Amino acid sequence: MSSQEEILSDGRFSHITRDPRFWEMPEKERKVKIDKRFRAMFHDKKFKLKYTVDKRGRPVNYTSTENLRKFYALSESDSDLSESDSKEHTEKKKKKKKAKPKGEADS
């Protein structure tokens, strides 16, 4: 068999290298952009399934959440918001832990 380089250098197939229909899709465009309304699907238990075997019966060790991350991404503007939301969420947890007992009075 001929190598791929020989095939592409062949005059009959040279148009394939210049035709954008046959170019590889850029990494940024591969994933579908999801806005902040649907970001819960990445960590919600309702969307998480643990697979033990694939469709042919072979053992696998992954969850459906990994597939979601493979095909979907948060949109750029919303991902910045989600990062700030997560920071605020951790700050609220810290404040709750430092809350004073009921017996003490505020001065």
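For clarity, every value in this text was computed on a predicted model and none was experimentally measured. (Residues numbered from 1 in each chain as written. Predicted model: local features only at pLDDT ≥ 70, side-chain atom pairs only at ≥ 80, totals over all residues. Heavy atoms only, no water.)

1. Points about the overall build of the protein chain
Within the protein chain one finds 5 helices and 4 strands. Helices and strands in the protein chain line up, N terminus first, as α-α-α-β-β-β-α-β-α. Evaluated residue by residue, the protein chain yields a buried proportion of 13% over its 107 residues. Long-range pairs, those at least 24 residues apart, make up 48% of the contacts in the protein chain between residues at least 6 apart in sequence. (Helix = DSSP H or I, 4+ residues; strand = E, 2+ residues; numbered from the N terminus. Buried < 20%, exposed > 50% of the residue type's maximum accessible area, 1.4 Å probe, protein only. Contact = heavy atoms within 4.5 Å.)

2. Focus on the environment of glutamate 76
With respect to the helices and strands, glutamate 76 occurs in helix H5 (residues 76–97). Glutamate 76 sits 43 residues away from lysine 33 along the chain, and the two C-alpha atoms are 8.3 Å apart.

3. A word on the pattern of salt bridges
Taken as a whole and assessed by the stated rule, the structure comprises 6 salt bridges. Among the salt bridges present, the one from aspartate 19 reaches arginine 21, with a minimum N-O distance of 2.7 Å. Residue class for aspartate 19 comes out buried when judged on its relative accessible area of 14%. Here arginine 21 falls in the exposed class, since its relative accessible area comes to 67%. Close ionic contact of arginine 37 with aspartate 35 constitutes a salt bridge, the shortest N to O distance being 2.8 Å. Overall, arginine 37 belongs to the exposed group, its relative accessible area being 63%. We classify aspartate 35 as partly exposed; its relative accessible area is 24%. Here the salt bridges do not stand alone but share partners, grouping Glu24, Glu27 and Arg30 into one network. (Salt bridge = Lys/Arg side-chain N within 4 Å of Asp/Glu carboxyl O.)

4. Considerations on the pairing of strand S2 (residues 50–53)
With 3 bridges joining them, S2 and strand S3 (residues 59–63) adopt antiparallel strand pairing. Bridge pairing in S3 links tyrosine 51 to tyrosine 62. (Pairing = 2+ DSSP bridges.)

5. Regarding a nonpolar patch on the surface
Where nonpolar side chains cluster on the molecular surface, the patch consists of Val32, Phe71 and Tyr72 and spans about 270 Å² of accessible area. Position of tyrosine 72 relative to the elements: it lies in strand S4 (residues 72–74). (Patch = residues over 30% accessible without salt bridge, like charges linked within 9 Å, V, L, I, M, F, W, Y side chains within 5 Å. Areas by Shrake-Rupley, 256 points an atom, 1.4 Å probe, with all protein chains shown as cover.)

6. Re the confidence of the model for the protein chain
As a general rule, the predicted coordinates of low-pLDDT regions are not to be interpreted in detail. Per-residue pLDDT for the protein chain has a mean of 75; in total, 69% of the residues score no lower than 70. Mean pLDDT values over the elements of the protein chain span from 55, in H5, up to 88, in strand S1 (residues 32–34). Segment residues 78–82 is flagged for pLDDT under 50; beyond a separation of four residues in sequence, or across chains, it makes 7 contacts in the model. (pLDDT = per-residue confidence, 0-100.)

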